[in-house]
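What follows is the residue order along each chain.
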Amino acid sequence: MPNMKSPSNREGQIYNPYSFVPLSEYVFNYTEKEKTQFLFANDIPFKDGISGKILVEFKAETPFCVKSQNKENCNINRRFFIPSTSIKGMVRSVFDIITLSNIRNLSENSRFSMRDLRSNDYEIKNDKPHSGFLILFNGKYYIIPCDHWQMTYEDIRKEERVNIKNAKSAEDKYRMLEKGYIFTTEDDRIHYWVFSGFMNNKKHEYDFALPNSINLQKFIPIEDKELKDFLFIHEKENENKTWSFWKKEMRNFTCIEDLRKAKYKGLAPCFYRTKEEKEKICVKDLGFTFLYRMPYQKKVHDCLPIKHTKETFDMSQALFGYTQTDRKNKSGESLRGRVRFSNAFIENAEREGEHTFILGSPKPTFYPFYLRQNGDRKITFAAERPIISGWKRHLVHKYAQTGKKQERGCESSFIALKAGASFKTIIYIHNLRPYELGALLAALTFCNHKECYHSLGYAKPFGYGKMKLTDIKLTLENNDNNGHTLKLDSLINDFRRKIAENTLISVNEYDKYIEPLIRIAAGKYKERIIRYPELKEFKDLKSQKQHLHRIKLV
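As the structure is a computational prediction, the values presented were derived from the model and not from experiment.

1. Regarding the overall build of the protein
- Of regular secondary structure, the protein possesses 13 helices and 28 strands.
- The buried share among the 554 residues of the protein stands at 50%.
- Excluding contacts between residues fewer than 6 apart, the proportion of contacts in the protein whose partners are at least 24 apart in sequence is 77%.
- If you sum the accessible surface of the protein, you get close to 28100 Å²; carbon and sulfur atoms cover 46% of it.

2. Let's talk about the environment of Asn 109
- By the element assignment, Asn 109 lies in the loop between α2 (84-98) and β7 (113-114).
- As a C-alpha pair, Asn 109 and Lys 298 span 189 residues in sequence and 9.9 Å in three-dimensional space.
- Within polar-contact distance, the side chain of Asn 109 engages the backbone nitrogen of His 301 at 2.9 Å.

3. Details of a nonpolar patch on the surface
- A cluster of nonpolar side chains, contributed by Leu 39, Phe 40 and Ile 44, occupies part of the molecular surface with about 280 Å² of accessible area.
- You can see Leu 39 is positioned in helix α1 (residues 32-39).
- Classification of Leu 39 by relative accessible area gives partly exposed; the value is 34%.

4. Side note on the nonpolar core
- By size, the foremost hydrophobic cluster in this structure holds 143 residues, and its most contacted members are Leu 134 and Tyr 510.
- Sequence-distant contacts of Tyr 510, that is, excluding residues within four places in its chain, are made with Ile 98, Leu 100, Cys 447, Phe 495, Arg 496, Ile 499 and Ile 505.
- In terms of nonpolar packing, the next biggest core, distinct from the first, is built from eight residues, Cys 65, Ala 400, Ala 416 and Ala 459 among them.

5. Comments concerning the sheet that holds strand β11 (residues 182-184)
- The four strands are arranged β10-β13-β12-β11 in an open sheet whose pairing can be described as antiparallel. Looking at which strands have only one partner, the edges of the open sheet turn out to be β10 (147-152) and β11. Strand-to-strand, the axes of this sheet are offset by a mean angle of 30°, without reference to chain direction.
- Both β10 and strand β13 (residues 204-209) contribute to a ladder of six bridges, which runs antiparallel. When the sheet's bridge partners are listed, Asp 147 is paired in β13 with Ala 209.

6. Details of the state of the cysteines
- Tallied over the full model, the rule gives zero disulfides.
- In this structure Cys 65 is not part of a disulfide, and its nearest cysteine sulfur, from Cys 74, lies 7.9 Å away.
- The exposure class of Cys 65 is buried, given its relative accessible area of 1%.
- Cys 452 takes part in no disulfide bond, and the closest cysteine sulfur to it belongs to Cys 447, at a distance of 9.1 Å.
- On the accessibility criterion, Cys 452 (5% relative accessible area) is buried.

7. A short note on the side chain of Lys 173
- For Lys 173, the location among the structural elements is in helix α4 (residues 170-175).
- Within the structure, the side chain of Lys 173 is placed 2.6 Å from the backbone oxygen of Ser 196, a separation counted as a polar contact.
- What Lys 173 contacts, discounting residues up to four positions off in sequence, is Tyr 153, Ile 164, Lys 165, Ala 167, Phe 195, Ser 196, Gly 197, Phe 198, Lys 202 and Glu 205.

8. Quick word on the packing of aromatic side chains
- Taken as a whole and judged by the stated rule, the model has 45 aromatic pairs.
- Ring geometry for Phe 230 against Trp 243: centres 5.0 Å apart, planes inclined by 70°, an arrangement best described as edge-to-face. Highlighted residues: Phe 230 in helix α5 (residues 224-237) and Trp 243 in helix α6 (residues 241-249), separated in sequence by 13 residues. Exposure class is identical for Phe 230 and Trp 243. Each is buried.
- Seen in terms of ring centroids, Phe 271 and Phe 290 are 5.5 Å apart; in terms of plane orientation they differ by 90°. Their pairing is edge-to-face. Here the residue Phe 271 occupies a position in strand β16 (residues 268-277), and Phe 290 occupies one in the loop between β17 (280-287) and β18 (294-295), the gap between them amounting to 19 residues.
- What makes Phe 290 partly exposed here is its relative accessible area of 24%.
- Above the plane of the ring of Tyr 453 lies Lys 468, whose end atom (NZ or CZ) is 4.7 Å from the centre.
- Directly above the ring of Tyr 435 sits Lys 498, whose terminal nitrogen or CZ lies 5.0 Å from the centroid.

9. Observations regarding the pairing of strand β28 (residues 466-478)
- Across 11 bridges, the pairing between strand β2 (residues 50-60) and β28 is antiparallel. Its bridge partner being in β28, Ile 50 is matched across the sheet by Asn 478.
- The pairing of strand β27 (residues 454-455) with β28 spans two bridges and is classified as antiparallel. Looking across to β28, one finds that His 454 is bridged to Met 467.

10. A closer look at the pattern of salt bridges
- On inspection of all chains with the given rule, the structure shows 37 salt bridges.
- Taking the shortest distance from any N to any O, the salt bridge between Asp 48 and Arg 433 comes out at 2.8 Å. Note that Asp 48 is positioned in the loop between α1 and β2 and Arg 433 in the loop between β26 (422-432) and α10 (434-445), a separation of 385 residues in sequence.
- Its relative accessible area of 31% is what places Asp 48 among the partly exposed residues.
- Glu 436 serves as the salt-bridge partner of Arg 338, at 2.6 Å between the closest nitrogen and oxygen.

11. What about the side chain of Thr 503?
- With respect to the element layout, Thr 503 can be found in helix α11 (residues 488-503).
- Reaching out from Thr 503, the side chain makes a polar contact with the backbone oxygen of Ile 499 at a distance of 2.6 Å.
- With near-sequence residues (within four places) excluded, Thr 503 lies in contact with Tyr 26, Val 27, Phe 28 and Leu 100.

12. Digging into α2
- With 15 residues, α2 should reach 21 Å at 1.5 Å per residue; the first-to-last C-alpha distance of 21 Å fits that figure.
- Buried within α2 are the following residues: Ser 84, Ile 87, Met 90, Val 91, Arg 92, Val 94, Phe 95, Asp 96, Ile 97 and Ile 98.
- Once α2 finishes, Leu 100 follows within two positions and takes phi at roughly 55°, a positive value.

13. Remarks on the confidence of the model for the protein
- A residue-level look at the protein finds 89% of positions with pLDDT of 70 or above and a mean pLDDT of 88.
- Mean pLDDT in the protein bottoms out at helix α13 (residues 535-543), which sits at 56, and peaks at strand β9 (residues 140-145), which reaches 98.
- Below pLDDT 50 for its whole length, residues 1-12 participates in 28 contacts with residues either more than four positions away or in separate chains.

14. Description of unusual backbone geometry
- With a phi close to 55°, Asn 77 is a non-glycine residue in the positive phi region.
- Within the secondary structure layout, Asn 77 lies in the loop between β5 (75-76) and β6 (79-82).
- For Cys 447, which is not glycine, the phi torsion reads 55° and is therefore positive.
- Residue Cys 447 is classed as buried on the basis of its relative accessible area, which comes to 9%.

Procedures and definitions
Residues numbered from 1 in each chain as written. Predicted model: local features only at pLDDT ≥ 70, side-chain atom pairs only at ≥ 80, totals over all residues. Heavy atoms only, no water. Helix = DSSP H or I, 4+ residues; strand = E, 2+ residues; numbered from the N terminus. Buried < 20%, exposed > 50% of the residue type's maximum accessible area, 1.4 Å probe, protein only. Contact = heavy atoms within 4.5 Å. Areas by Shrake-Rupley, 256 points an atom, 1.4 Å probe, with all protein chains shown as cover. Polar contact = N/O pair within 3.5 Å; in protein donor to acceptor, adjacent residues only side chain to side chain. Patch = residues over 30% accessible without salt bridge, like charges linked within 9 Å, V, L, I, M, F, W, Y side chains within 5 Å. Salt bridge = Lys/Arg side-chain N within 4 Å of Asp/Glu carboxyl O. Core = buried A, V, L, I, M, F, W, Y, C linked by side-chain atoms within 4.5 Å. Pairing = 2+ DSSP bridges. Axes fitted to C-alpha atoms, helices over the stretch in contact; angles between N-to-C directions. Disulfide = S-S within 2.5 Å. Phe/Tyr/Trp six-rings, centres within 6.5 Å; stacked < 30°, edge-to-face > 60°. Lys NZ or Arg CZ within 6 Å of the ring centre and 35° of its normal. Expected span 1.5 Å × (residues − 1). pLDDT = per-residue confidence, 0-100.

Written out as structure tokens, the structure reads:
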């Protein structure tokens, strides 16, 4: 049977390239006394503790690639291997789900952004922003309010004798100006040309003018939380090129005289909105176009079920360890894990041809995928009580699609290894409770469901990296000579009983919870070609002119 195939699909049909395991209403949570024991578990043995190693073998059912560089799989002199971190990530993604971990511990509490003129959630349509200059003053960010004017491309051409209209980025446009982006008018006011990247049908840019007298008392502060949201939106969520340019241009001024000496260079022109907080005016949000990306009203952790919003210590943290450096009163707290994976050299590794795909996927801001929807009513990050869809899992496919170059400028290429290759990894465990070991074995075997597959490496949405667990051998020792029976089935049953005891749910309720995971991992749905929506289709999906067809799990 061939490894590469393109199953039929209706023209224009859009299928979600992944699915979600809905979050449980229950979260596994140790008591403070139990947590204290685990904090010392690396040094103080449990009476019922177990140590040793687990030898696990996987076989690739479809081609795969864990890329290092130059499109190739990780290798040492063409001896291909899977890094231990990749294997750990593959197993832990299942472990977190089956142990009813708190998704709050595993997700950043980010505030994503939107720019949708058709949505009533986009407040900037009605609450027009002001113009100003972002200044870094004594290590803190402020806005200097200013005046601005719209300037057509013809106006700019007459002033600067250059046509900047079709340049791709703000930086490209500024490079075309012979005298730079700062100029002085007859009234001795300092002006900046304010450009942004190329957009179809864009008709103008801006001219910003600093006030004649710059007064520290009129600086508008940017508080830490708003600054954090701004940096996340412009550096991580979208990697805004205009901000990249101005960030390099900015300077840290210590007094207004320094600004004058710099001839007013070192500021970043922007648009912003304000709010009143603690009886003072401060910046609400900011961006680099008049209709900039506005932070959503709710953050990720505002969209979690109640039990997932609380501070907990779960089995995943206890086994794999954690670090906490950004929460109040938790600075520097960390725990070393008691599980270690080895690198795995690949047997029977054969390279096949190069594959090219557009591997980008919808971001969490695309609420039709990432938030539970309620019929025809759109649920966004601004809704009254949004809930995230759950644990994201890539769909498992029977075949891998062939990736061909399309010359679209945003493609990724890799050289896959053929299906049929296998690899072995050793999992070293130290002082695990029997049910913890059972949880690890349950994650490897999908709670003893032999029909399930793990997913590893590049291009998983297109069928690559489908891994089958083919063998598992236990070489273990009890801390106590009269210790626990070291058999896989018995250990997994210990884990299931611990889940029921801790969360107060029945074993039948637990089995119902993991059913979606098993169906996804077993590929129990009709095979379809995965096609990501085009940009226009994303807009239509949001406005419900077009519907997303989720893979039906049967």
